[in-house]
Amino acid sequence: MLLNIKIIILTNSELIIRKPLLFLHKSIPLIRITSIRQSDDPVEISQNFRTTGIYTGKKTTIQLTNGDKIKFSSMEIGGYKGLIREIIQALGKIKRNY
């Protein structure tokens, strides 16, 4: 889980995703994003053949024009709700201008 920590930076024109512990960096122009979908992301534990849900977070899937999908969850990112709100607002501005 620690290796999967992501830093996401939103600029006026792109979404930058970094995985600092793996030295990965990806820049995505906002104009390439076609849709954003959110779903529940349950965290469960199993004990004595029983599964118990302990937390329900959110998972986001970003669809790109080339068919690629980028996924991240509220467990990986601090400030998840604010980030999603800002991405949706930025996409709205981009689409109004084109």
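Just so it is clear, the model here is predicted, and its values are computed rather than measured.

Asks: Run through the pairing of strand β6 (residues 69–73), naming residues and quoting values.
Replies: Residues in a regular strand point their side chains to alternate faces of the sheet. Relative to β6, strand β5 (residues 50–64) runs antiparallel, the two being bridged by five bridges. Across the sheet, residue Thr-60 finds its bridge partner in β6, namely Phe-72. Turn length for the β5-β6 hairpin, with the two strands adjacent in sequence and antiparallel, is four residues, and the turn residue Gly-67 shows positive phi of about 95°.

Asks: Talk me through the layout of surface pockets; I want residue IDs and the actual numbers.
Replies: Quantified by volume, the largest pocket comes out at close to 150 Å³. Together, Lys-6, Ile-17, Arg-18, Lys-19, Leu-24, His-25, Lys-26, Lys-69, Ile-70 and Lys-71 line the largest pocket. Listed by contribution, the elements that provide at least two residues to the lining of the largest pocket are β2 (14–19), β3 (24–29) and β6. The class makeup of the residues in the lining of the largest pocket is three nonpolar, one polar and six charged.

Asks: Before we move on, could you go through the sheet that holds β6 and cite the residues and values that matter?
Replies: Across the sheet, which stays open at both edges, the three strands sit in the order β4-β5-β6 with antiparallel pairing between neighbours. Looking at the sheet topology across the chains shown, the edges are occupied by β4 (33–47) and β6. Strand after strand, the sheet turns through a mean of 25° between neighbouring axes, direction not considered. Helix-sheet contacts for helix α1 (residues 80–97) involve β4, β5 and β6, and the interaxial angle to β4 is about 165°.

Asks: Let's hear about the packing of aromatic side chains: which residues, and what values?
Replies: Counted under the stated rule, the structure contains one aromatic pair. Both rings, one in Phe-72 and one in Tyr-80, keep their centres 6.3 Å apart while their planes meet at 75°; by these two values the pair is edge-to-face. Judged by relative accessible area, Tyr-80 falls into the buried class, the value being 6%.

Asks: So what's going on with the environment of Lys-19? Which residues, and what values?
Replies: Relative to the helices and strands, Lys-19 is located in strand β2. Among the residues examined, Lys-19 registers a relative accessible area of 21% and is labelled partly exposed. Separated by 13 residues in sequence, Lys-19 and Lys-6 place their C-alpha atoms 4.8 Å apart.

Parameters at a glance
- Residues numbered from 1 in each chain as written.
- Predicted model: local features only at pLDDT ≥ 70, side-chain atom pairs only at ≥ 80, totals over all residues.
- Heavy atoms only, no water.
- Pairing = 2+ DSSP bridges.
- Helix = DSSP H or I, 4+ residues; strand = E, 2+ residues; numbered from the N terminus.
- 1 Å grid on protein atoms, 1.4 Å probe; cavity = no way out; pocket = protein on both sides within 12 Å on 5 of 7 lines; lining within 4 Å.
- Points joined across faces, edges and corners; volume = space filled by probe spheres on them.
- Nonpolar A, V, L, I, M, F, W, Y, C, P; charged D, E, K, R; others polar.
- Axes fitted to C-alpha atoms, helices over the stretch in contact; angles between N-to-C directions.
- Contact = heavy atoms within 4.5 Å.
- Phe/Tyr/Trp six-rings, centres within 6.5 Å; stacked < 30°, edge-to-face > 60°.
- Buried < 20%, exposed > 50% of the residue type's maximum accessible area, 1.4 Å probe, protein only.

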